[in-house]
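If you want the building blocks of each chain, they are given just below.
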Amino acid sequence: MALITPKCMKCNNEIKGDEKILVEMRYPKRKGFTEIKAFLNVEGKFICEECSAEIKI
Ligand SMILES: [Zn+2]
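Residues numbered from 1 in each chain as written. Predicted model: local features only at pLDDT ≥ 70, side-chain atom pairs only at ≥ 80, totals over all residues. Heavy atoms only, no water.

In the annotation of an unreviewed UniProt entry, the protein chain is listed under the name Fe3+ hydroxamate ABC transporter substrate-binding protein and assigned to Solibacillus isronensis B3W22.

So, in structure tokens, the structure goes:
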């Protein structure tokens, strides 16, 4: 029931279900996370586990 097909912003690989990922996003201004999937589709940038290992946080 995923609304989005997340892809890694670095390597462009599709994110697999159950994969551990990083999401870079802006925190919503309005209250509530009811439309989080739609919001992620617009604002979210996904980074797969492989690429996230190369990023120092
Ligand atoms: Zn990647």
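Alright, that's what it looks like, and here's the rest.
A. Spatial organisation of the coordination of the zinc ion. Coordination of the zinc ion by the protein comes from Cys-8 (SG), Cys-11 (SG), Cys-48 (SG) and Cys-51 (SG), over a distance range of 2.3 Å. Around the zinc ion sit four donor atoms, and with donor-metal-donor angles ranging over 105 to 114 degrees the site reads as tetrahedral. Here the donor residues for the zinc ion map to a single chain with the spacing C-x2-C-x36-C-x2-C. Of the two residues, Cys-11 sits in the segment before β1 (22-24) while Cys-51 sits in helix α2 (residues 49-52), which places them 40 residues apart along the sequence. On the basis of relative accessibility, which here comes to 11%, the residue Cys-51 falls in the buried class. (Donors = N, O, S within 2.8 Å, 3.2 Å for Na, K, Ca; no water. Tetrahedral: all angles 85-135°; square planar, octahedral: opposite > 155°, others 65-115°. Helix = DSSP H or I, 4+ residues; strand = E, 2+ residues; numbered from the N terminus. Buried < 20%, exposed > 50% of the residue type's maximum accessible area, 1.4 Å probe, protein only.)

B. Spotlight on unusual backbone geometry. Located in the positive-phi region is Asn-12, a residue other than glycine, with phi close to 70 degrees. Its location among the elements puts Asn-12 in the segment before β1. Under the relative-accessibility criterion, Asn-12 is labelled exposed at 54%. At Asp-18, a position not held by glycine, the phi torsion is positive, near 75 degrees.

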